[in-house]
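In case you want the letters, here they are:
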Amino acid sequence: MIELSSLGSEADELAAQRQKKLRAIAALGFETYPRKFNFTHTIPAVLAEYSGRCDEDLKAARISLRVAGRLMALRPHGKAGFGHLSGDGARLQIYVRLDAVGERDFELFRLLDLGDLIGVEGYLFRTRTGELTVHAERLHFLAKALLPLPEKWHGLTDMEVRYRQRYVDLMVNPRVREIFERRARLVGAIREFLNSRRYLEVETPMMQPLPGGALARPFVTHHNALNLDLYLRVAPELYLKRLLVGGVDRVYEINRNFRNEGISTQHNPEFTMLEFYEAYADYRDMMALTERLLRHVAEATIGRLEFEWWGHKISLARFERLTMKEAVVRFWPEGAQAKPKLEDWADPKAVFRWIDTYNRWAEQPQSSLERIQEVASGTDRDTSAPRQPIALPADTPPGAALQALFEAVAEHHLIQPTFILDFPLEVSPLAKQKADDPNYVERFELYVGGMEIANAFSELNDPAEQRDRFEYQQLLRDRGDLAAHTIDEDYIRALSYGMPPAAGEGVGIDRLTMLLTDSHSIRDVILFPLLRPEKRSG
RNA sequence: GGGCCGGUAGCUCAAUGGUGGAGCACUGCCCUUUUAAGGCAGGGGUUCUGGGUUCGAGUCCCAGCCGGCUCACCA
């Protein structure tokens, strides 16, 4: 029983009317909350099987069936009436007439509200307008909607209500169901791809005594019996690599990570990540594998390699590769002085000069000409530089500065699939150095639609080097960087048994879903995104 | 956390500082192939909350709550 007084006064009235009807339905002898309904077809199955059949066909065959669903439209005509039943994401018309269903069932029909769940028993025919319809012979009451549905034409548009009451969103906005069906196909395609390559799917701890595997602030929780603080994992990485040590040479996990950071259209505190690791491979092998993986996923979910995203035509047919430095040079803002050349980067400290140059440009007010050009070239997704000066803490190492410059200058331009490779050592504590340049590591991130979709590297497997990296991270922690790693002694112990040379990669499933469903907010691809708790009135 | 925008009936939206409306939904009556069914007649409001200005506030001001976008943080 719902609390009537908790609703608005009209909502109270509407719910009271429906309660009253429910009692009237009970008085007719119908169970108010029956236990089950034996159906012969789902609604999509009816449509799939009989959409091609003409009325004569249907009449001759007299196809009897039982279907169930939610009543989404009602058009009564005195002693008869039409309705639409919604189930499994599809709709089917029903036709109910007094002389076919009898007094009692027709009385039930009169007491139905939009949103009620019913079962219909009857035979198929086509109406005068040609619509495939169930001619009801019996009605079964299954459950009452005590609360009214949103408006039938405009539906539910209030984003807050859509996220908080996703069940209502799903009822009235077919697009929502399509997105999550596509998401499920996407995840299935990933499993198919990796399983066929003999990767083993595993599940590793989400509650970890030490959070590791990514530079992010964790959530803290507590186990009572052990009187132990635990962290929700920020990444499964260190556990998956322990499995590499144990001889699981191809391994993956698709599951949730938790990061105690800000919320935005691209960040939800819990999000789904695919991580996979392959022994005896390096990051270049991962790039090749990533291309194949994404093409497989796109074929399986949308049936092609091209898709629209925020007004951009994106194609997975070709993946560009740029080093981080090359990307900065390539996308250096037009108006800024002294475009850098690649040879200018020989000195690692040079990046600070380029940041100064960039900041001088970013601090200038945008000229009208630039603004007009931007608007004229406008796609829906703004690819222009944000013109925010880069603010770095006093003792930022050159590598972190380069990454900041890259993100400011280049990231939003990377609409077509682009691998950015060769990351600075300082921002990559778990990756293996490049053989010819120890200031950089064998790592790439894949950008599509201006978003980071994947992050991969040749895995560092030298325990001594790993200890040095952790110690550097500890230094950062001590200086107040709460996202820096803590030293994980057991992980170093595992590496000390010998981990095969390997490469690993993380892929953001939510963001990949955003791309393949043309969704512009991560909340649109997460069924129940985190919101502040609703304040209960009263 | 900062900036901008928003919150009016169950839903979608109107309303120069001057009696808060419409469509859908809902109630009653009519209607046995309709489909945004139709016809007639009705009911429904803490205008997010709390202050303030004013003869008078949905509207103006201040504070707060919730949300959206964006920036910062991050993936």
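The sections below set out a description of the structure shown in this document.

What about the overall build of chain A?
Stage number 1. Helix and strand counts for chain A stand at 16 helices and 19 strands.
Stage number 2. Summarising its shape, the C-alpha atoms of chain A cover approximately 90 × 65 × 55 Å along the three principal directions.
Stage number 3. Per-residue burial over chain A gives 48% buried out of 538 residues.
Stage number 4. Carbon together with sulfur atoms contributes 52% to the accessible area of chain A, which is approximately 26,700 Å² in total.
Stage number 5. For chain A, the centre of its 70 positive side-chain charges and the centre of its 79 negative side-chain charges are spaced 6 Å apart.

Some words on the sheet that holds strand β4 (residues 117–126)
Stage number 1. Spatial ordering of the closed barrel is given by β1-β2-β3-β5-β4, a layout of five strands whose pairing is mixed. With direction set aside, neighbouring strand axes in the sheet form an average angle of 55°.

Some remarks on the pairing of strand β3 (residues 90–97)
Successive side chains on a regular strand alternate, one facing one side of the sheet and the next facing the other.
Stage number 1. With respect to burial, β3 is a largely interior element, six of its eight residues being buried.
Stage number 2. Of the pairings in the sheet, the one linking strand β2 (residues 80–87) to β3 comprises eight bridges and is antiparallel in character. Its bridge partner being in β3, G83 is matched across the sheet by I94.
Stage number 3. As judged from the three bridges shared by β3 and strand β5 (residues 132–143), these two strands associate in the parallel manner. Note that in β5 the partner of I94 across the bridge is V134.

Some thoughts on the protein's contact with RNA strand B
Stage number 1. Of all residues adjacent to RNA strand B, which total 55 residues, the nearest are Q17, T129, K152, H267 and E452.
Stage number 2. Within 4 Å of the protein, the atoms of RNA strand B are drawn from sugar and phosphate moieties in a proportion of 60%.
Stage number 3. One nitrogen or oxygen atom from the side chain of H77 is found 3.4 Å from a base nitrogen belonging to RNA strand B.
Stage number 4. In this structure, E160 approaches RNA strand B through a side-chain N or O atom, which is 2.3 Å from a sugar or linking oxygen.
Stage number 5. Elements with a contribution of two residues or more to the surface near RNA strand B: α1 (9–27), β1 (64–76), β2, β3 and α5 (159–164).
Stage number 6. Here the surface near RNA strand B is built from residues that sort into 16 nonpolar, 18 polar and 21 charged.

Focus on the pattern of salt bridges
Working definition: two side chains of opposite charge can pair if their charged atoms are close together.
Stage number 1. Under the definition given, this model contains 36 salt bridges.
Stage number 2. Measuring nitrogen to oxygen at the nearest pair gives 2.6 Å for the salt bridge that ties K21 to D113. Of this pair, K21 sits in helix α1 while D113 is found in the loop between α4 (98–111) and β4, placing the two residues 92 residues apart along the sequence.
Stage number 3. In this structure, R330 engages E320 in a salt bridge whose closest nitrogen and oxygen atoms are separated by 3.1 Å. With R330 in helix α10 (residues 324–330) and E320 in strand β14 (residues 320–323), the pair connects residues that are 10 residues apart, well separated along the chain.
Stage number 4. Owing to a relative accessible area of 43%, R330 belongs among the partly exposed residues under this scheme.
Stage number 5. What makes E320 partly exposed here is its relative accessible area of 22%.
Stage number 6. Where salt bridges share partners, they join R18, K21, D113, D116 and K144 into one cluster.

Comments concerning the sheet that holds strand β8 (residues 220–223)
Stage number 1. Strand order in this open sheet of three strands is β7-β9-β8, and the pairing throughout is antiparallel. Only two strands of the sheet have a single neighbouring strand rather than two, namely β7 (207–208) and β8.

Focus on the side chain of D105
Stage number 1. Mapped onto the fold, D105 is located in helix α4.
Stage number 2. A relative accessible area of 4% means that D105 is categorised as buried.
Stage number 3. Setting aside anything within four residues of it in sequence, one finds D105 in contact with F30, E137, R138 and L139.

Cut-offs applied
- Residues numbered from 1 in each chain as written.
- Chains lettered and ligands numbered in written order.
- Predicted model: local features only at pLDDT ≥ 70, side-chain atom pairs only at ≥ 80, totals over all residues.
- Heavy atoms only, no water.
- Helix = DSSP H or I, 4+ residues; strand = E, 2+ residues; numbered from the N terminus.
- Buried < 20%, exposed > 50% of the residue type's maximum accessible area, 1.4 Å probe, protein only.
- Areas by Shrake-Rupley, 256 points an atom, 1.4 Å probe, with all protein chains shown as cover.
- Lys, Arg positive; Asp, Glu negative; His and termini not counted.
- Charge placed at Lys NZ, Arg CZ, Asp CG, Glu CD.
- Pairing = 2+ DSSP bridges.
- Axes fitted to C-alpha atoms, helices over the stretch in contact; angles between N-to-C directions.
- Near = heavy atom within 4 Å.
- Polar contact = N/O pair within 3.5 Å; in protein donor to acceptor, adjacent residues only side chain to side chain.
- Nonpolar A, V, L, I, M, F, W, Y, C, P; charged D, E, K, R; others polar.
- Salt bridge = Lys/Arg side-chain N within 4 Å of Asp/Glu carboxyl O.
- Contact = heavy atoms within 4.5 Å.

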